[in-house]
Structures are given as C-alpha cells and as structure tokens.
Amino acid sequence: MRSSDGHIFVLLLPLLVIVGFALMALVDRRRGHLAGPGFFARNGVGIGLYLLLAVSFWTLLVIVLPQLFMVEMAFRPKLPPAATGGPRDVYTLENFRYFLYGSTTSTAAWNVTHLTAFWKTIVASILVTAGNFLLCYPLAFYMAQMAKAARVRLLLLLLIAPYWVNEVLRAFAFRVILGTSGVLNKLLLGAGLIDAPVDFLGLDVGLYAGLSYAYLLLMIFPLYNAIESLDGRLIEAARDLGAPWWRIHKDIVIPFAKPGIASGCTLVFMLTSGALAAPLVLGGPRSLWFTPIVYDRFYQAFNWPQGSAYAFILLLTCVAFVLAVLRLGKLSLGEITR
Amino acid sequence: MTEAVELANLTVRFGDFTAVENANLRIQAGEFFSFLGPSGCGKTTILRTISGFIEPTEGAVRIGGQDMRGIGANQRPTALIFQSLALFPMMSVADNVGYGLRVRGVGKAARDRKVDELLNVVALGDQGGKMVDELSGGQRQRVAIARALAVEPQVLLLDEPLSALDLKLRQHMRNELRAIQRRVGITFIYITHDQGEALTMSDRIAVMNRGRIEQVGDGRTVYDAPDTGFVASFVGEINAIPGRVSATADGYAALETPLGVLRGRNPKGLAVGATAQLYVRPEMLLPNPTAAENSLSAVAEEHAYEGNLTHLACRAAGLRLTVLLGARESRDPPAHGAPIALGFAAADARVLPGD
C-alpha cells in the first residue's frame, strides 16, 4: 500500500468509530438497557445537535485525528518534500528500527542511549507515581474522613493556589530552591550542616521533586473523592472489632478506594512519563529523559516520522503497562472513571 | 451477680452542649439492658462512650470492674452493632463475620470453624460465600450480630439495630435477639426510641430525657410506676390531669383539678399546695363504673377502631382524655357528643410533680 493512501485510512477510521458507537447504542436500546425517551426527545433538537457536534468536534478533530496522523506518520520514511508521494514513499518500520538499533538499516548494535532513557523514564515514572501516592494518601484521608469542612476548604485552596502559576515557572522555582547557589544550599551551608554546596539538580532531586509536584493534584483529587464516599462507620466498625489503624487502612479504606487509587495513579503515571517541562528545566546534565528525546526528533532533527514513532512507542508502552496493572488489581477501565 | 458495666458520675459534653449529665448505673452481667428515650436524649452518646469512641468529660466507665479511661475502642471487651450495621461491602459474609478474629491473628482453620458456628447460630449457615449486598435486610442484621459475637465480647452494644426493618421483620427480630442473648448469655446493652422494643426485650430499662437518666427499672415498673411525668408520658399512652394537691394521707394524695377532686398514689411525697399532674393510663379509665374511688363525667368524641381494641377520645372541662375499650365494650361505642361517665381506682393513678 502506498502511504499517500494512508490519508484515506486516517479519515475513514473515525467514521467507522462513529458508526460503531451508533450501532452499540442501537443494540443497547433494543435490548432494553437504555430506557426512557431518546437522545433528541430528552434534550430537544437544538441542544441535541449542539451536543453531538461539540462532542464530535472535540473527540475527532482535537483528539482522534491528530493521534491517527501521528500513528500513520510513524510508519513513513523521512523524505525530502520533493520525494513525498514518490516511489520511495512506502510504509516502513525504519523509525522503530532506529529506536532499537540506532540505525535505519543495520541491526548490529543496540541504540543504548535511547533505550536506556526510555526504560529510565518508565521506571522513574513508576517511582514518582508511587511516591506521589504515599505523599497524597494520608492527606486525602485526613481531608476526606477527619477534617472539619472549613479546614478542608482551606486545605483545598492551599493545594490549588500554586497551580495558578505556570508549569514552567513552577519548575524554575525548584531550580531557585535546589540550585548549587540556591536557597536550600545557602540554608544548609549557613547552618553548617554541609561544607560545600550539594548539586541537587545533578543528582536529579530537582527532577523528581518537580515531577512529583507537577501532578500532585491529579493524585489528591481522585483519592479524596474515593475516600470521602466511604461511610465513616465502616472505619469505626473495624476499630470496634479490634483492628489497629494500619489494618483499617489495609482492609477497609484502600480496598474501598481502589478505583480512586487506580484513577489517580494512572493519571500521574501517564502524565509523568509524558512530561516535558520538568525534564527540560530540571533535568541534570547526566539525566536523559525520554520526552526531550522525542522533542528533539521533531525540532532538532526535523525528523517528524521518527518523532511520531518515538511518541507512539511511549504511548503504547504506557497504555499497556496501565492496563496490565489494572488487570492485576482486578479493576475495569470503567471503574476508574467513576 | 457481678456487674458488667458501671457508669459512675458519667458526664459527656460537646463544647457547650451537655449530651449526658451525671449518669450513674450498674448493669449486671448477662442482663438485657435498654436505654429508651427520644432522639437527642443522649442514649447513643452513652453507647459510644461505653464502646470507646467518646471519652467521658467527667466520671468513668467501668467494664468488668476495670476503668476504661485511655483504653481505645479496639482494645475494649465490647462489640458494637451499628444502626446502619456498617457491614464491609468489599467482603463476603464469612469474611465480615471473621474479621474481628482475623485482626486478632486467629488462624484460618480456627477462624473458619468459629465463623461456621456463628453463622449457624444466626441461621445463615449456607450464606457465608455471598456478598453482603446479596442479602435481605433481616439477613444483614444477623450477619452484623454474628460479626459482633465472633470476637466474644463481654458486652454487646446495639444502637437501634432494628429501626431500618419493616414492622413484621422487626417483631420477628425482637424475639430472635432475645433468644440469641439467652443462648450466648452475655450482656446486651440496647439503644432504642421504641418503647415496644424496650418493654418486650429488656430485663431492665433506663428511660432518658435531655441527657439525664430519669428512671431505671424493669418494664413493668417503668410502665406501671413511672417516677416522672416524662417517663409516664414517653412510655406508653397516658392521660395527664393538672391540679393542686389538697390533701395527703397514707401514700396517697388528693388533687384539686378542673374535673373535681381526684385521688392517686403519691410516690414522690408531694406536700399540700404543690402543683402536680395526675397520670392515669387509658386502660385504667373505665367507662360507666359501678363504684369507683374517682369518677368524672365527660363527653365522648371520635373513636378509632383497631380490631382487638378501640381508642375513644373524650373531652372533660377542656381536657382531652383517652379511654381504651376492650373488644366487648367497643361493640356499641358511645356516639359523638354523648355524655359518658368515667371512673378509676386511686391505686391506678399517680400524682407526680407538674412540669
């Protein structure tokens, strides 16, 4: 298949998706899963049409089509504009080959730099997610089950307010704090705890702190929501039956909040592994995060097909990982959106 | 008999609000003891203080003679059955029942044996594998009881556990609770606002009002010989006739009322001149008496037929009186507006301080 035909595939697939959804809705209605008046009867023709158009615009043009173009591009060679659509413009795996072997043709040696960065990114994202969970769970539990309403409002405001500041600026704030001549080093030097400044950024402390902080809210809120809907009397019942505090969390709170935990962890993991600002601003000289590499494919190497392939690999790996973890936790995708 | 639970000068305050004021009480081991009172009277606060979720502001809770101050809810020899039951929705019935044993580190084999035994006690022998939400209301109730009994508490605390059930099931569960209590022989402390529940199940009842224990006694004492106007009117139906004490003799008092001079028992030793109320139960007011110590004339108003008995509302000197007619007497109830003579024995009426 010539790759110029791919554009038809890119436009046809969303249509197929729409038809598929329409059919599913029809079948559901036939079987009686959906009762009551139809979509247009319920919302009126005007609002119904608006909803339909708005949602399809949003999903198709903003989400589905760009992703599909990217996937399609990932399987095409990098060609000068003149050769586009020519005989060399055929579907190929060379971009993926480059990721693995560092060459579009040879398979002699592994592409150590990129592969290391890739796995480091995945592992670090898992660690950041786990750290974020450990940080947020006690706070979410306190807010959801123990604090008075006024205290909860204050805490929420304190949590949200810093996020009014731009993401890049927030990342730079960590540089100011953690740099060799930064606030923290000055404090430690002044207190006589260290003799020479510590290179926190070079040790990636800044990177992990920045990444954790960047998506903190996306962990807090699902946890808070899930724990808040837990009936406090279940906790009392467990305590009454003799459970120490850690068992109450292990046996009652965490199993109950599992969908919220999965939802928060999924969000933080996906966003951390795809984060760009924090690695660019806070990444030490020795640390190579995967997203800046992808960024470089696009804007330094001007190799859009290769960049697409790299982004696709990252996306696919993360989705597969998340699905595998959900399966291990016996959770369905539907549950984490509750 | 030893006492299972003792409340000594127990006071619980939340900020400015006094939920329980100076409660003194000894509950015997093996007793079925009820706290009866309207909502907000402090009965749930007492229960939560015994179970360890609330610390007393003053005074002490002793269980088996031991002061419970500083001993957490998870360390006390009590088990609480919540009004909402609070069964764990993420666990099976058997896991719910076995939870208390699991956190105590009881091995799986011993735990399973105990769970089976308890599920049989509450007649749920074959339901252990089900999830909680697959059970009916009455079955869930029994799971909660089994879960609480599993930890072999000295005292079982029940916070209006039957209030969510429908009438038939509630009556059935009353008998069942009482039977379970006899079988296991431990102390039950039961909270309710339903006097019928308290009267049918309890060995003794504490009637509570506004944070105070007004009277403690068995059902018959509380019903037949109430100490206060509140107890008289909260437990069962009663007619209250206001007046002023005009004479006292031999434990009886004569009361000057709008309906004439009426005599009744004087358990509080009220003196001449005191304002008081005379309380007499509807079933003690007899229509057309032949010879009665107290008699009054009233006008019959509407009546409510309830099959085995009939409530007849009367009016006398602006006071509304209720008379309970048996099935035989109510075959031909007096017409609306017809005069009716009523009488009652002085021993069946009580003169208590007026509010």
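All values derive from a computational prediction rather than experimental measurement. (Residues numbered from 1 in each chain as written. Chains lettered and ligands numbered in written order. Predicted model: local features only at pLDDT ≥ 70, side-chain atom pairs only at ≥ 80, totals over all residues. Heavy atoms only, no water.)

> So what's going on with the domain arrangement of chain A? Which residues, and what values?
All names here are of chain A. Each assigned domain of chain A is listed with its residue range as follows: domain 1 (3-92) and domain 2 (112-336). Domain 1 puts nine residues into the contact, and the matching count from domain 2 is ten residues. Summing both partners gives a buried area of about 730 Å² for domain 1 against domain 2, and 78% of it is carried by carbon and sulfur. On the surface where domain 1 and domain 2 come into contact, there are zero salt bridges. Where domain 1 packs against domain 2, one counts zero residue pairs in polar contact (both at pLDDT 80 or more). Taken together, the residues of the side of domain 1 that touches domain 2 sort by class into six nonpolar, one polar and two charged. (Domains from an automatic or database assignment. Contact = heavy atoms within 4.5 Å. Buried area = accessible area lost by both parts, 1.4 Å probe. Salt bridge = Lys/Arg side-chain N within 4 Å of Asp/Glu carboxyl O. Polar contact = N/O pair within 3.5 Å; in protein donor to acceptor, adjacent residues only side chain to side chain. Nonpolar A, V, L, I, M, F, W, Y, C, P; charged D, E, K, R; others polar.)

> So what's going on with the packing of helix 5 (residues 112-146) of chain A against helix 6 (residues 149-160) of chain A? Residues and values would help.
All names here are of chain A. Axis separation between helix 5 and helix 6 bottoms out at 9 Å; the angle between their running directions is 145°. The chirality of how helix 5 crosses helix 6 is left-handed. Every residue of helix 6 that contacts helix 5 at Leu139, Tyr142 and Met143 is listed here: Arg151, Val152, Leu155, Leu156 and Leu159. Here the residues of the contact of helix 5 with helix 6 are counted per class, giving seven nonpolar, no polar and one charged. (Axes fitted to C-alpha atoms, helices over the stretch in contact; angles between N-to-C directions. Helix = DSSP H or I, 4+ residues; strand = E, 2+ residues; numbered from the N terminus. Left-handed = near helix turned anticlockwise from the far one by under 90°.)

> Which residues make up the packing of aromatic side chains, and what values do they have?
Taken as a whole, this structure holds 24 aromatic pairs over all chains when the rule is applied. Ring plane angle 70° and centroid distance 5.1 Å describe the contact between Phe88(B) and Tyr99(B), whose orientation is recorded as edge-to-face. You can see Phe88(B) sitting in the loop between strand 6 (78-81) and helix 2 (93-103) and its partner Tyr99(B) sitting in helix 2, a full eleven residues away along the chain. The pair formed by Phe88(B) and Tyr99(B) is uniform in burial state, with each residue classed as buried. Geometrically, the ring pair formed by Phe230(B) and Phe234(B) is stacked, given 5.4 Å between the ring centres and 15° between the ring planes. Of this pair, Phe230(B) and Phe234(B) are both found in helix 8 (residues 229-234), four residues apart, which corresponds to roughly one turn of the helix. Given a relative accessible area of 18%, Phe230(B) falls into the buried group. An aromatic cluster of three or more residues is present, and its members are Phe99(A), Phe118(A), Trp119(A), Phe290(A) and Tyr310(A). Its guanidinium or amino end placed over the ring of Phe88(B), Arg147(B) lies 4.6 Å from that ring's centre, counting from NZ or CZ. The ring of Tyr223(B) has Arg281(B) sitting right over it, with the charged end atom 3.8 Å from the ring centre. (Phe/Tyr/Trp six-rings, centres within 6.5 Å; stacked < 30°, edge-to-face > 60°. Buried < 20%, exposed > 50% of the residue type's maximum accessible area, 1.4 Å probe, protein only. Lys NZ or Arg CZ within 6 Å of the ring centre and 35° of its normal.)

> For the interface of chain A and chain B, give the residues involved together with the corresponding values.
Contacts between the two partners involve 19 residues from chain A, matched on the other side by 24 residues from chain B. Between chain A and chain B lies a buried interface of about 1800 Å² when both sides are counted; carbon and sulfur atoms form 60% of it. At the boundary of chain A and chain B, one finds two salt bridges. The residue Glu236(A) makes a salt bridge to Arg48(B) at a minimum N-O spacing of 2.6 Å.

> Outline the sheet that holds strand 1 (residues 3-14) of chain B, listing residues and values.
Residues and elements named next belong to chain B. Taken in spatial order, the four strands line up as 2-1-4-5 in an open sheet, and their pairing is antiparallel. Sheet topology places strand 2 (17-28) and strand 5 (66-67) at the edges, where each strand pairs with a single neighbour. In this sheet, strand 5 lies alongside strand 4 (residues 58-63) in antiparallel orientation, the contact comprising two bridges. Looking across to strand 5, one finds that arginine 62 is bridged to aspartate 67. (Pairing = 2+ DSSP bridges.)

> Account for the confidence of the model for chain A, with residues named and values stated.
When pLDDT is averaged across chain A, the result is 83; 91% of the residues are at 70 or more. Ranking the elements of chain A by mean pLDDT puts helix 16 (residues 333-336) of chain A last with 65 and helix 11 (residues 232-240) of chain A first with 93. (pLDDT = per-residue confidence, 0-100.)

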